[in-house]
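Tertiary structure, described
As a plain string of letters, each chain reads:
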Amino acid sequence: MIRELLILIASIGILVASYRLWVEKDRKNIVYARIHILGVIDCACFLIFLALGETLLAFTYLILTPFLAHAVANASYKDELKEET
């Protein structure tokens with residue numbers, strides 16, 4: 001019962017965050033805003049992995065996701081710097 005409730009709550013978080021990504025208008029630093037919204041999805045996926053009993057996969061996901069988000073944000077920032085010069 002608790003497992004199903006946790007998966008339901010996490011799934012609703014994923015849907016709400018996905019909707020925010022869809023309707024977000026382009027503006028300054030939009031990549032950073034989208035990465036912040038994706039943080040909600042990351043937390044929800046972590047909870048789903050824990051609820052399904054995939055502890056090792058959940059903690060691997062928890063460790064690797066911030067590095068991946070930083071790499072994407074850094075690449076976007078450096079690409080914007082190249083366009084300005």
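Here's a quick rundown of the structure. Given the structure is predicted, the values throughout are model-derived calculations rather than measurements. (Residues numbered from 1 in each chain as written. Predicted model: local features only at pLDDT ≥ 70, side-chain atom pairs only at ≥ 80, totals over all residues. Heavy atoms only, no water.)

**Describing the packing of aromatic side chains**
- This model, assessed by the stated rule, comprises 2 aromatic pairs.
- Centroid distance F46 to F59: 5.6 Å. Interplanar angle 75°. Geometry classified as edge-to-face. Highlighted residues: F46 in helix 2 (residues 30–51) and F59 in helix 3 (residues 55–84), separated in sequence by 13 residues.
- Between F49 and Y61, the ring centres sit 5.7 Å apart and the planes meet at 70°, which makes this aromatic pair edge-to-face. With a gap of 12 residues between them, F49 in helix 2 and Y61 in helix 3 connect regions that are remote in the sequence.
- Classification of F49 by relative accessible area gives partly exposed; the value is 21%. (Phe/Tyr/Trp six-rings, centres within 6.5 Å; stacked < 30°, edge-to-face > 60°. Helix = DSSP H or I, 4+ residues; strand = E, 2+ residues; numbered from the N terminus. Buried < 20%, exposed > 50% of the residue type's maximum accessible area, 1.4 Å probe, protein only.)

**A closer look at the packing of helix 1 (residues 2–23) against helix 2**
- One way to put it is that helix 1 packs onto helix 2 with a least axis distance of 9 Å and a crossing angle of 165°. On the basis of their axis angle, the class for helix 1 and helix 2 is roughly antiparallel. When the axes of helix 1 and helix 2 are compared, the crossing they make is left-handed. Contact residues: R3, L6, I7, A10, S11, G13, I14, A17, S18, R20 and L21 in helix 1; R34, I37, L38, V40, I41, A44, C45, L47, I48 and A51 in helix 2.
- Looking at the contact of helix 1 with helix 2 residue by residue, the class counts come to 15 nonpolar, 3 polar and 3 charged. (Axes fitted to C-alpha atoms, helices over the stretch in contact; angles between N-to-C directions. Parallel < 35°, antiparallel > 145°, perpendicular 65-115°, else oblique. Left-handed = near helix turned anticlockwise from the far one by under 90°. Contact = heavy atoms within 4.5 Å. Nonpolar A, V, L, I, M, F, W, Y, C, P; charged D, E, K, R; others polar.)

**What to know about a nonpolar patch on the surface**
- On the surface, L5, L8, I9, I12 and V16 cluster together into a nonpolar patch covering about 470 Å² of accessible area.
- Looking at where L8 falls in the secondary structure, it is placed in helix 1. (Patch = residues over 30% accessible without salt bridge, like charges linked within 9 Å, V, L, I, M, F, W, Y side chains within 5 Å. Areas by Shrake-Rupley, 256 points an atom, 1.4 Å probe, with all protein chains shown as cover. Salt bridge = Lys/Arg side-chain N within 4 Å of Asp/Glu carboxyl O.)

Taken by themselves, the reported measurements are silent on function.
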